[in-house]
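# A closer look at the structure
Next come the chains, spelled out residue by residue.
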Amino acid sequence: MIPPPVCSRKTLEIGSKHSPEMMCLPFKVFIGNYIESIEKGADTIIITGSCGPCRFGLYSLIQEDILQDLGYDVDLIVIDSIKEGYKEFISNLKKITKTNTLPQLYKSSRLALDLIKRADDLTQKSNYTRAYAVDKNHVNQIMDNYLKTSVQIHGASELINLINKTKEELSNVKLLENYNPIKIGIIGEIYTIIEPFVNLDVERKLGQLGVLVDKSLTPTKWLEHHVINYPFGSEDENNKFKLAKPYLHTPIGGHGRETLGSAIHYKNLGYDGVIQILPLNCMPEIVAKSILKNVSKDLDFPIMTLVVDEMTGEAGFVTRLEAFVDLLSKRREKHLIG
Ligand code: SF4
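Computed from a prediction, not measured in an experiment: that's the story for all the values here.

Moving on: the sheet that holds strand β5 (residues 273-279). Taken together, 4 strands build an open sheet; the order of strands is β4-β3-β5-β6 and the sheet is parallel. The open sheet has two free edges, formed respectively by β4 (212-215) and β6 (303-308), since each of these has just one partner strand. The mean inter-strand angle of the sheet, taken between neighbouring strand axes irrespective of direction, is 25°. With 5 bridges joining them, strand β3 (residues 183-188) and β5 adopt parallel strand pairing. Note on β5: the bridge partner recorded for G188 is I277.

Here's what the structure looks like:
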């Protein structure tokens, strides 16, 4: 496996140069990722597909054309939803897991899912620890070291050992006593939520402010809903659809419905507020954003929206986060006094 270099300004510049201008941000970062990986020697690219009413369903088609026009000879494997074709789904999985029989495929897939879950759990543990840590930079150092080492090691057992070691280091971080952090849910478009370069490392920035952060979507949550519990879906995500129903009946593509359901879900969990993050030009999230105004008003629940694109500046972003956290702290104080 050739992991693409960690996303950077350079990745985005390469991607923006070769993408249609009005395309959404994840598309451009993907193109940058592909080209940087190809230059490191990759000859195959794996991407998930989509059949929903948003641009993601077209990503692989347009991206294949762009790569061909640039003269790159790569195999683009698209893992579409199972309902788009069971046979192709299995054949693609066999190809990428290098297995031929169904039991072998099952074993390899279980291992991959397990590793993804362990990695996601570790990130969430770091978010928890950072919120309570006396020295938040210590948590950052532990996680930086984990990320740096994870691309230098090989194989599942080495990765599991690294994750376990990092977990232990996080468990030893000194925590504040009697501390009740502000709790914020991060909702919105999945790629923007999970890619730190694109969301300007929002989890870490909020953690530095002593906020406990939880993401509404992670690779694990996505897999649990779309693959592991197929065709019924996961209980959590189905519940979000139910919560969103009074505001939106039909799917609008991307994770627009989940965004609405997740906002209500976090309100029900007693969170102080949510932040919706979306890439500029993301149609499903723009629709969700307009409806979130009603959700916020009906539930008396603070919701802030952050739009990210190539021009998003760090300073303005941090100021908005600080102002939102300030607002939530004041609301909490007011409720306590009241
Ligand atoms: S959900 Fe939004 S950002 Fe993602 S592919 Fe669709 S339109 Fe683009």
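Where β5 and β6 come together, 6 bridges link them in parallel fashion. The partner of P279 across the bridge, within β6, is V308.

Following both chains from N to C, one finds helix α6 (residues 136-150) and helix α7 (residues 156-171) inclined at 175°, their axes separated by 10 Å at the closest point. In terms of orientation, α6 and α7 fall into the roughly antiparallel class. Across the interface between the two elements, V139, I142, Y146, T149 and S150 of α6 pack against L159, L162, T166, E169 and L170 of α7. Its residues assigned to classes, the contact of α6 with α7 comprises 6 nonpolar, 3 polar and 1 charged.

Attention shifts here to the pairing of β5. In summary, the side chains of a regular strand alternate between the two faces of the sheet. Counting buried positions along β5 yields 7 of 7 residues, so the element is predominantly enclosed. In this fold, the crossover linking β5 to β6 by way of helix α13 (residues 283-299) has right-handed handedness.

Attention shifts here to the environment of C282. Turning to its location among the elements, C282 is positioned in the loop between β5 and α13. Overall, C282 belongs to the buried group, with 29 C-beta atoms counted inside 10 Å. Each C-alpha atom of the pair C282 and T123 lies 26 Å from the other, and the pair is 159 residues apart in sequence. Filtering out sequence-adjacent residues up to four positions away, C282 remains in contact with C24, E189 and G254.

In many analyses, interface size is given as the accessible surface area lost on bringing the parts together. Examined at the domain level, the protein chain breaks down into domain 1 (9-98), domain 2 (100-177) and domain 3 (180-337). One C-alpha centre belongs to domain 1, the other to domain 2; they are set 26 Å apart.

Taken together, the neighbourhood of the ligand is formed by 13 residues, with C24, C54, F56, G254 and C282 sitting nearest. With 3 residues, the single largest contributor to the shell around the ligand is α13. For the shell around the ligand, the class distribution of residues is 8 nonpolar, 2 polar and 3 charged. When residues of the shell around the ligand are sorted by domain, at least three fall in each of domain 1 (9-98) and domain 3 (180-337).

In terms of nonpolar packing, the biggest core is built from 53 residues, with I184, I186, V211, A263, V274 and I277 touching the most fellow members. The element that contributes the greatest number of residues to this core is helix α2 (residues 25-39), accounting for 7 residues. Formed jointly, this core draws a minimum of three residues from each of two domains, domain 1 (9-98) and domain 3 (180-337). If sequence neighbours within four positions are ignored, I277 has contacts with I186, G188, E189, T192, I193, N199, V202, L306 and V308.

One turn of an α-helix holds 3.6 residues; hence residues three or four places apart share an orientation. Under the 1.5 Å per step criterion, the end-to-end length of helix α3 (residues 56-69) is 20 Å for 14 residues, consistent within 8% with the ideal 20 Å. Where α3 is buried, its residues contact α2, β1 (44-48) and β2 (75-79).

Calculation criteria
Counting restarts for each chain, with residues numbered from 1 along the sequence as it is written. The predicted origin of the model limits local features to residues at a pLDDT of at least 70 and limits the giving and counting of side-chain atom pairs to 80 or more, whereas totals for whole chains, interfaces and linings rest on all residues. DSSP bridges decide pairing: two strands pair if at least two such bridges lie between them. Helical segments are the DSSP runs of H or I of at least four residues, strand segments are the runs of E of at least two, and each set is numbered from the N terminus. For every element, the axis is a line fit to its C-alpha atoms; helices are fit only across the contacting stretch, and the angle between N-to-C directions ranges from 0 to 180 degrees. What sets the label is the angle itself: under 35 degrees gives roughly parallel, over 145 gives roughly antiparallel, 65 to 115 gives roughly perpendicular, and the rest give oblique. We call two residues in contact when their backbone-placed C-beta atoms lie within 7 Å. Gly is put with the polar residues, along with every residue not named as nonpolar or charged; the nonpolar set is Ala, Val, Leu, Ile, Met, Phe, Trp, Tyr, Cys and Pro, and the charged set is Asp, Glu, Lys and Arg. Partly exposed residues are those whose C-beta has more than 12 but fewer than 20 other C-beta atoms within 10 Å; with 20 or more the residue is buried, with 12 or fewer it is exposed, and the C-beta atoms are placed from the backbone. Assignment of crossover handedness uses the view with strands pointing away from the viewer, where a clockwise path from the first strand over the helix to the second indicates a right-handed crossover. Domain segmentation is taken from an automatic or database assignment of domains. Whether a residue is near a molecule or strand depends on its C-beta atom, generated from backbone atoms, being within 6 Å of that molecule or strand. The term nonpolar core refers to a group of buried residues, namely Ala, Val, Leu, Ile, Met, Phe, Trp, Tyr and Cys, whose C-beta atoms join them within 7 Å. Any helix carries an expected span of 1.5 Å times its number of residues minus one.

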